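Residue-level structure breakdown
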Amino acid sequence: MRRRDLLRAAGPLGLAGLSGCVGMFETQSAAQSRFTTVEDRKEKVYYPTHIDGMTMVGMGGQGRYKVGLMYSLPHAFWTITGRNLNLARVGEDATAHLMATIWDTKTKTVLPTSRIDATILKGGEEVDSTKMWPMLSQNMGYHFGDNVQLDGSGTYTAELSLSPMQARRMGELQGAFGDQTTMEVEFEHSREELGNLSLEQLPDKQGDPGAIEPMDMKMPIAQVPERGDMPNVLGRGVSGDADFVAFAPDESPHFVPDGQSYLAVSPRTPYNRYPLPFMSLSAKLTRNGNAVFDDILRSALDPELGYHYGAAVESVESGDSLTVTVDAPPQVSRHEGYETAFVKMPKMQMSV
């Protein structure tokens, strides 16, 4: 199916409007004059109304950084500030939805860089620029994206400026990715190719609990290990439809003082095990009624453990009580199917 027209949407959407607020989200299509998101959506992960086709347009790299650049037809998405969602409009002049995935060439680990500034050039002249949003979609997982304007078919260059990674780097990532980096990706844009990208409707699944499976994009995708593959699992919690796995690896990372333990929590989406970056988490570890740890958990990335949040503690013992509090939900933009989840996230209690 060819989809040529742009998704139209209205502005801010607060938490109170998450369920049943369907009239705001509308799309125009050459094949279908009007359709909306799922009615009476729950605050959970659900199958979206459709799957947007996309195509890889180019790759680039600098040092250990590698980037894959893709695009699809323009579409709306939800940004988040604190706990307030906002539906990002598609501009009148938007041509494509540009997406980038960044990974480490050595470990094939997808990197949760906090910011990418993109400048789009054609014939050496700037045609558009944007701050690409960190995003979460069901078929791509964690990536960066935004709607951009392209000036007709032809050869383009995307200049990508990556900010230093804020998460602690562990294992083989230690000491890397702490500097500002710029990469260039040359790509060909064809209006005909873009206009012929598929749009798969999901009439029998839309709104049901579940998620589209990850696409085979011939490049790494950000996923965390299965719960059974995590070391020394302490407990599991669920909040805002996200799974949380608490663990304490036997071998502590380099920044943990001798004799202490590393207390860590791995939040992930249900179904696809995508990491949930840019959260604010804190934990309280109680033993015999007394708090032995009560502080924030800092974001970290390890090729074996995935993206998680952790802190050094004196010790973790059987019988301890662990309370995990989400001080701020993941500050990552969402595509349809994720926008109602991972927002209202009550604290969790686990028994070690």
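Residues numbered from 1 in each chain as written. Predicted model: local features only at pLDDT ≥ 70, side-chain atom pairs only at ≥ 80, totals over all residues. Heavy atoms only, no water.

Attention now moves to unusual backbone geometry. Of note in this structure, N232 is not a glycine but carries a positive phi near 50°. As for its position among the elements, N232 is in the loop between β17 (199–201) and β18 (233–239). According to the relative accessible area criterion, N232 is partly exposed, its value standing at 40%. Despite not being glycine, Y271 shows a phi value in the positive range, around 75°. Looking at where Y271 falls in the secondary structure, it is placed in the loop between β20 (261–268) and β21 (280–287). (Helix = DSSP H or I, 4+ residues; strand = E, 2+ residues; numbered from the N terminus. Buried < 20%, exposed > 50% of the residue type's maximum accessible area, 1.4 Å probe, protein only.)

Below, the discussion takes up the environment of Q331. One can find Q331 in the loop between β24 (321–328) and β25 (333–334). Linking Q331 and T79, residues 252 residues apart in sequence, is a C-alpha distance of 8.0 Å. In this structure the side chain of Q331 is engaged in a polar contact, spanning 2.9 Å, whose partner is the backbone nitrogen of G82. In this structure the side chain of Q331 is engaged in a polar contact, spanning 2.8 Å, whose partner is the backbone oxygen of P329. (Polar contact = N/O pair within 3.5 Å; in protein donor to acceptor, adjacent residues only side chain to side chain.)

This part covers the packing of aromatic side chains. Considering all chains together, one arrives at eight aromatic pairs under this definition. Residues Y156 and F187 carry aromatic rings whose centres are separated by 5.6 Å and whose planes lie at 15° to one another, so their mutual orientation is stacked. Taken as a pair, Y156 in strand β14 (residues 154–162) and F187 in strand β16 (residues 181–189) lie far apart in primary sequence, 31 residues in all. When sorted by exposure, Y156 lands in the same class as F187, which is buried. Feature note: the residues Y142, F144 and F278 constitute an aromatic cluster, connected by ring pairs. Seen from the ring of W133, K131 lies directly overhead, with NZ or CZ sitting 4.7 Å from the centre. A cation over a ring is seen here: R168 above F255, with NZ or CZ 3.9 Å from the ring centre. (Phe/Tyr/Trp six-rings, centres within 6.5 Å; stacked < 30°, edge-to-face > 60°. Lys NZ or Arg CZ within 6 Å of the ring centre and 35° of its normal.)

These values are about where atoms sit, not about what they do.
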